[in-house]
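Residues per chain are reported as follows:
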Amino acid sequence: MGDGSVELRAATRGSPLALWQVEHFSSLLAPAGVEVEPVVVETSGDVVLDRPIWEIGGKGVFVKEVQAAVLDGRADFAVHSAKDLPSVEAPGLVLACVPERGEPRDALVGSTLAGLPTGALVATGSVRRRAQLAWLRPDLTFTGLRGNIATRLAKAPDFGAIVMAAAALERLGLADRAAEVLEPSVMLPQVGQGALAIEARDGDTAVLEALAAIEHRSSRVAVDAERGFLAELGGDCDLPAGAHATVADDGSLVLEGLLASLDGHVVLRETRTGASSDAAAVGHALARALLDDHGGAALLA
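All of these numbers come straight from a predicted model, not from anything done at the bench.

1. Things to note about the overall build of the protein chain
Each helix and strand in the protein chain was counted, giving 10 helices and 13 strands. Taken against the 2.2 N^0.38 rule, which gives 19 Å for 301 residues, the C-alpha radius of gyration of the protein chain at 19 Å falls within 12% of a compact globule. Along the first, second and third principal axes, the C-alpha set of the protein chain runs to 65 × 40 × 35 Å. Taken over 301 residues, the protein chain has a buried fraction of 51%. Look at the contacts in the protein chain between residues 6 or more apart in sequence, and 69% of them connect residues 24 or more apart. If you sum the accessible surface of the protein chain, you get close to 12,500 Å²; carbon and sulfur atoms cover 52% of it. Counting 25 positive and 41 negative side-chain charges, the protein chain places the centres of these two groups 5 Å from one another.

2. Let's talk about the nonpolar core
In terms of nonpolar packing, the biggest core is built from 21 residues, with Phe-229, Leu-233, Leu-253, Leu-255 and Leu-259 touching the most fellow members. Filtering out sequence-adjacent residues up to four positions away, Leu-255 remains in contact with Ala-225, Glu-226, Phe-229, Ala-243, His-244, Ala-245, Glu-270, Thr-271, Arg-272, Val-282, Gly-283 and Leu-286. Counting residues in hydrophobic clusters, the runner-up holds 17 residues, among them Ala-10, Phe-25, Phe-77 and Cys-97.

3. A look at the packing of helix H8 (residues 217-233) against helix H9 (residues 279-293)
Where H8 contacts H9, the two axes come as close as 7 Å, and the packing angle between them is 35°. The way H8 lies across H9 gives a crossing that is right-handed. Counted together, Val-221, Asp-224, Ala-225, Gly-228, Phe-229, Ala-231, Glu-232 and Leu-233 of H8 and Ala-279, Ala-280, Gly-283, His-284, Leu-286, Ala-287, Arg-288, Leu-290 and Leu-291 of H9 form the full contact between these two elements. When grouped by side-chain class, the residues that make up the contact of H8 with H9 number 11 nonpolar, three polar and three charged.

4. Looking at the pattern of salt bridges
A full pass over the atoms with the stated rule returns 18 salt bridges. For Arg-101, the salt bridge identified is with Glu-226, shortest N-O distance 2.9 Å. With a gap of 125 residues between them, Arg-101 in the loop between strand E4 (93-97) and strand E5 (106-109) and Glu-226 in helix H8 connect regions that are remote in the sequence. Comparing Arg-101 with Glu-226, the two get one shared label, buried. The residue Glu-232 makes a salt bridge to Arg-288 at a minimum N-O spacing of 3.0 Å.

5. Quick notes on the environment of Pro-104
You can see Pro-104 is positioned in the loop between E4 and E5. Separated by 96 residues in sequence, Pro-104 and Leu-8 have C-alpha atoms that sit 28 Å apart.

6. Focus on the environment of Leu-299
The residue Leu-299 is located in helix H10 (residues 296-300) in this model. Note: C-alpha distance between Leu-299 and Pro-240 (59 residues apart in sequence) is 9.9 Å. Leave out the neighbours within four places in its chain, and Leu-299 touches Leu-259, Ala-260, Ser-261, Val-266 and Leu-268.

7. Considerations on the environment of Thr-205
Structurally, Thr-205 can be placed in helix H7 (residues 205-212). Overall, the relative accessible area of 47% leaves Thr-205 in the partly exposed class. For the pair formed by Thr-205 and Ala-166, sequence separation is 39 residues and the distance between their alpha carbons is 35 Å.

8. Here's the deal with the sheet that holds strand E1 (residues 6-12)
Strand order in the open sheet formed by five strands is E2-E1-E3-E10-E4, and the pairing between neighbours is mixed. Bordering the open sheet on either side are strand E2 (34-40) and E4, each of which pairs with just one other strand. Here the average twist between neighbouring strands, direction ignored, is 35°. Two elements, E1 and strand E3 (residues 77-81), share two bridges in a ladder whose sense is parallel. Paired with Ala-11 across the two strands is Ala-78, which belongs to E3. Against the sheet, helix H3 (residues 64-71) contacts E1, E3, E4 and strand E10 (196-201), and its axis sits at roughly 160° relative to E3.

9. Here's the deal with H8
Here H8 contains 17 residues, and its C-alpha end-to-end distance of 25 Å stays within 8% of the 24 Å for a straight helix at 1.5 Å per residue. For H8, the buried fraction is high: 12 of the 17 residues fall into the buried class. All of the buried residues in H8 are Ser-219, Arg-220, Val-221, Ala-222, Val-223, Ala-225, Glu-226, Arg-227, Gly-228, Phe-229, Leu-230 and Leu-233. Of the surrounding elements, those touching the buried residues of H8 are E4, strand E11 (241-247), strand E12 (252-260), H9 and H10.

10. What about the sheet that holds E5?
The five strands are arranged E7-E6-E8-E5-E9 in an open sheet whose pairing can be described as mixed. Looking at the sheet topology across the chains shown, the edges are occupied by strand E7 (141-143) and strand E9 (178-182). Taking the axes of each pair of neighbouring strands and ignoring which way they run, one obtains an average angle of 30° across the sheet. Where E5 meets strand E8 (residues 161-165), four bridges bridge the pair, whose relative direction is antiparallel. Note that in E8 the partner of Ala-107 across the bridge is Met-164.

What counts and what doesn't
- Residues numbered from 1 in each chain as written.
- Predicted model: local features only at pLDDT ≥ 70, side-chain atom pairs only at ≥ 80, totals over all residues.
- Heavy atoms only, no water.
- Helix = DSSP H or I, 4+ residues; strand = E, 2+ residues; numbered from the N terminus.
- Rg over C-alpha atoms; globule rule 2.2 N^0.38 Å.
- Buried < 20%, exposed > 50% of the residue type's maximum accessible area, 1.4 Å probe, protein only.
- Contact = heavy atoms within 4.5 Å.
- Areas by Shrake-Rupley, 256 points an atom, 1.4 Å probe, with all protein chains shown as cover.
- Lys, Arg positive; Asp, Glu negative; His and termini not counted.
- Charge placed at Lys NZ, Arg CZ, Asp CG, Glu CD.
- Core = buried A, V, L, I, M, F, W, Y, C linked by side-chain atoms within 4.5 Å.
- Axes fitted to C-alpha atoms, helices over the stretch in contact; angles between N-to-C directions.
- Left-handed = near helix turned anticlockwise from the far one by under 90°.
- Nonpolar A, V, L, I, M, F, W, Y, C, P; charged D, E, K, R; others polar.
- Salt bridge = Lys/Arg side-chain N within 4 Å of Asp/Glu carboxyl O.
- Pairing = 2+ DSSP bridges.
- Expected span 1.5 Å × (residues − 1).

By themselves, these are just geometric observations and shouldn't be taken as functional.
Written out as structure tokens, the structure reads:
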């Protein structure tokens, strides 16, 4: 382009939330003279809506086609919800940057947790959310829930409550729909929830340098620690697992992780601290502690 600006192509899903994420990331790149053209890709997770995510391939169902668009040159980078990205990087791609993280917590729509009557039906497509709610309220009953944000909100009156990522509601201007935002002490979030993960081709120096300027250091550290935890467990969204990391001003890292049985009868939680420079290692160590020292390995058998 003649004005000295650079244009890059961003692969993304086509949902309103995914398009918001691309627009938000574009606004972060704009001051550096980088313009972004969205490349919308339909994923199998967007097409197959009548089966739970863990039955159709886990987290990868929302990212594989988007990653392919970067690998084959249709796009220069991909914008993902970090919680949708498998914990092991795809060959040929690198996690180029993590911009400043948004709200990591989960939200209930339709009722507060305490306000749900005995035996209420809660809709969620996440085994992590279901297991933790079953632990907190063994009287609750559950059913699945799929679709984009608008679809799920439209179904909310059919249930006692539905569970959603608070960040998704905030980003679409729907935060007032949340009856309660659940603290991590009540419900530990999904790995990477509230964060964006930007992938690019390994070795594509010019693109990687442009994206690196948007890196938010403490957000990247937190996501790396949480992803290290999940990678060591060896599971994605078919596993009732969650993690939440916080980074202090002095660079110290606190990571809490959870592993549960599918029915929520067993919920294991543990915390590890460490240095930001060892984020992934802190995650691996926390996972090993749950597996080896707290009986977590038996849950995976």
